[in-house]
2 protein chains.
Amino acid sequence: MRYFEDFQVGQVHELGTYEVTREELLAFARQYDPQPFHLDEEAGRRSIYGSIIASGWQTAAICHRLLVRAVLEDSASMGSPGLDELRWLRPVRPGDTLSARIEVLEVSPSRSKQDRGSVKTRMEVRNQQGEVVMTELASVLFRRRPATTQGSGGSSRNGENGND
Amino acid sequence: MRYFEDFQVGQVHELGTYEVTREELLAFARQYDPQPFHLDEEAGRRSIYGSIIASGWQTAAICHRLLVRAVLEDSASMGSPGLDELRWLRPVRPGDTLSARIEVLEVSPSRSKQDRGSVKTRMEVRNQQGEVVMTELASVLFRRRPATTQGSGGSSRNGENGND
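Please read these numbers as outputs of a predicted model, since none were measured by experiment.

Let us look at the interface of chain A and chain B. Listed by partner, the interface residues are 37 residues for chain A and 37 residues for chain B. Here chain A packs against chain B, burying approximately 3,200 Å² in sum over the two surfaces, 55% of which is carbon and sulfur. Considering only the surface of chain A that becomes buried against chain B, Tyr32(A), Trp57(A) and Leu83(A) emerge as the three largest contributors, covering 23% of it. Our enumeration of links across chain A and chain B arrives at two salt bridges. Across the pair Arg87(A) and Asp84(B) runs a salt bridge, and its minimum N-O distance is 2.9 Å.

Through backbone hydrogen bonds, the strands of a sheet pair up, either in parallel or in antiparallel fashion. Pairing is antiparallel in the open sheet, where 10 strands are placed in the order S1(A)-S3(A)-S4(A)-S5(A)-S2(A)-S2(B)-S5(B)-S4(B)-S3(B)-S1(B). Every interior strand has two partners, whereas the edge strands, strand S1 (12-19) of chain A together with strand S1 (12-19) of chain B, have only one. Between one strand axis and the next, the sheet turns by 20 degrees as a mean value, whatever way the strands run. Note: strand S4 (residues 116-126) of chain B against strand S5 (residues 132-143) of chain B, 11 bridges, orientation antiparallel. Across the sheet, the residue bridging to Arg126(B) is Val132(B), located in S5(B). Strands strand S2 (82-88) and strand S5 (132-143) of chain A together with S1, strand S2 (82-88), strand S3 (97-109), S4 and S5 of chain B of the sheet are contacted by helix H4 (residues 56-72) of chain B, whose axis makes an angle of about 125 degrees with S1(B).

Per the UniProt record, the feature "domain: MaoC-like" (unreviewed entry) sits at residues 16-117 of chain A. Here residues 16-117 of chain A runs as 37% helix and 25% strand, with 26 Å between its end C-alpha atoms.

Quick look at the packing of aromatic side chains now. All names here are of chain A. Applying the stated criterion to the full structure yields 11 aromatic pairs over all chains. Ring plane angle 55 degrees and centroid distance 5.3 Å describe the contact between Phe 28 and Tyr 32, whose orientation is recorded as tilted. Of the two residues, Phe 28 and Tyr 32 both sit in helix H1 (residues 22-32), four residues apart, roughly one turn of that helix. In this structure, Phe 28 and Tyr 32 share a single accessibility class: buried.

Between H1(A) and H4(B), the least distance of the axes is 8 Å, while the angle of their chain directions is 65 degrees. Put simply, H1(A) runs roughly perpendicular to H4(B). Here H1(A) contributes Phe28(A), Arg30(A), Gln31(A) and Tyr32(A) to the contact with H4(B), which in turn contributes Gln58(B), Ala61(B), Ile62(B), His64(B) and Arg65(B).

Let us look at the relation of the copies chain A and chain B. For the pair chain A and chain B, the relating rotation is 180 degrees, the translation along its axis is 0.0 Å, and the fit reaches an RMSD of 0.0 Å. A rotation of that kind, with that shift, is consistent with a two-fold axis. Considering only C-alpha atoms, the part of chain A nearest the rotation axis is Glu85(A), at 2.6 Å. In this assembly the copies share their binding face: 100% of the residues contributing to the interface of chain A also contribute to that of chain B.

In summary, the side chains of a regular strand alternate between the two faces of the sheet. Strand direction decides the pairing type here: S2(A) and S5(A), joined by six bridges, are antiparallel. Note on S5(A): the bridge partner recorded for Leu83(A) is Ala138(A). Sheet analysis places S2(A) next to S2(B), joined by four bridges and oriented antiparallel. What sits directly across from Gly82(A), in S2(B), is Arg87(B).

A word on the environment of Leu141(A). Residue and element names in this part refer to chain A. Structurally, Leu 141 can be placed in strand S5. In this structure Leu 141 comes out as partly exposed when scored by relative accessible area, which is 21%. Sequence separation of Leu 141 and Ser 99 is 42 residues, and the distance between their C-alpha atoms is 24 Å.

Moving on to helix H1 (residues 22-32) of chain B. Along H1(B), the residues that are buried comprise Glu24(B), Leu25(B), Leu26(B), Phe28(B), Ala29(B) and Tyr32(B). The secondary structure elements touched by the buried residues of H1(B) are H1 and helix H4 (56-72) of chain A together with S1, helix H2 (36-39) and H4 of chain B.

With respect to the helices, strands and loops of the structure, Phe37(A) is situated in helix H2 (residues 36-39). Along the chain, Phe37(A) and Ser47(A) lie 10 residues apart, while their C-alpha atoms are 6.5 Å from each other. Aside from chain neighbours lying at most four places away, what touches Phe37(A) is Ala43(A), Gly44(A), Ser47(A), Tyr49(A), Ser51(A), Ile52(A), Ile53(A), Ser77(B), Met78(B) and Gly79(B).

Before going further, it helps to spend a moment on the pattern of salt bridges. Under the definition given, this model contains 30 salt bridges over all chains. Here Arg87(B) makes a salt bridge to Glu85(B), at a shortest N to O gap of 4.0 Å. The exposure class of Arg87(B) is partly exposed, given its relative accessible area of 24%. Residue class for Glu85(B) comes out partly exposed when judged on its relative accessible area of 28%. Linking Arg116(B) and Asp115(B) is a salt bridge whose minimum nitrogen-to-oxygen distance equals 2.9 Å. Residues joined in a network through salt bridges with shared partners are Asp84(A), Glu106(A), Lys120(A), Glu85(B) and Arg87(B).

Basis of the calculations
- Residues numbered from 1 in each chain as written.
- Chains lettered and ligands numbered in written order.
- Predicted model: local features only at pLDDT ≥ 70, side-chain atom pairs only at ≥ 80, totals over all residues.
- Heavy atoms only, no water.
- Contact = heavy atoms within 4.5 Å.
- Buried area = accessible area lost by both parts, 1.4 Å probe.
- Salt bridge = Lys/Arg side-chain N within 4 Å of Asp/Glu carboxyl O.
- Pairing = 2+ DSSP bridges.
- Helix = DSSP H or I, 4+ residues; strand = E, 2+ residues; numbered from the N terminus.
- Axes fitted to C-alpha atoms, helices over the stretch in contact; angles between N-to-C directions.
- UniProt positions renumbered as here; feature names shortened; annotations may be inferred.
- Phe/Tyr/Trp six-rings, centres within 6.5 Å; stacked < 30°, edge-to-face > 60°.
- Buried < 20%, exposed > 50% of the residue type's maximum accessible area, 1.4 Å probe, protein only.
- Parallel < 35°, antiparallel > 145°, perpendicular 65-115°, else oblique.
- Least-squares fit on C-alpha atoms with pLDDT ≥ 70 in both.

Right, here's the structure in full:
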């Protein structure tokens, strides 16, 4: 179980890979982003992208899933207050395989609430050619490690409880 | 058909409303954000939110759908380079009805590409109590109105083609 204290500036977490199938791309576009260059093959060909492409919101959601599976699921995550930046740098096409990683930029204990702290990260997402398709600066709130459970189980990474 | 020239600083577009059903909330969480406080009623009750809540990514995707239906669908949208900020300010719960609006903050013709320009907007999303649940600063690229089609159809709003 990862707590706030388990995150340190400079840490990198590899989040794994995800193939964006045409079927999933179209299903998301139909539901949340029904613009022609996401949905219609001919409109995609005529667009500046040259093919249909994934909604940027789908790329972000897929990479969030990778983050949940790799990091948040086994953590004391309390949700996110938001993003400071999101850049869609290159199109994501049907069949592309995305790989994502985050680097920890800042760790800040909450001033007003003793039980939590904020971890700011930079996410970088690449396609199978190694091209960066998306970057994102986000914050997540984590519960601080309760004193009574210190060292009482779970895999303690290079964070422990002694930075503050 | 809305082109770049149809957007002006200070314009407000009301985007309509959307009810977030429990079923859609859970389906999105299962696929893209499987954290306990999005999926598990008991974990939601024990969380700082007091119930399960929608993934912030789903709130963003839903409001993007409202934006597509109200503005982008009948426009020369060329996609988005990204967001400058996204804030999830209050939880969105099953059964909440969201309403969204955008205000145009900046309009910038592209320096390198004559055929397009960027429109920067601030989105504000409220729940049925009128509380702001999300804000977002985003940019969208629009094609400029081709000289030959000027005045040749579509509803020309208070933008026309004469600002530059």
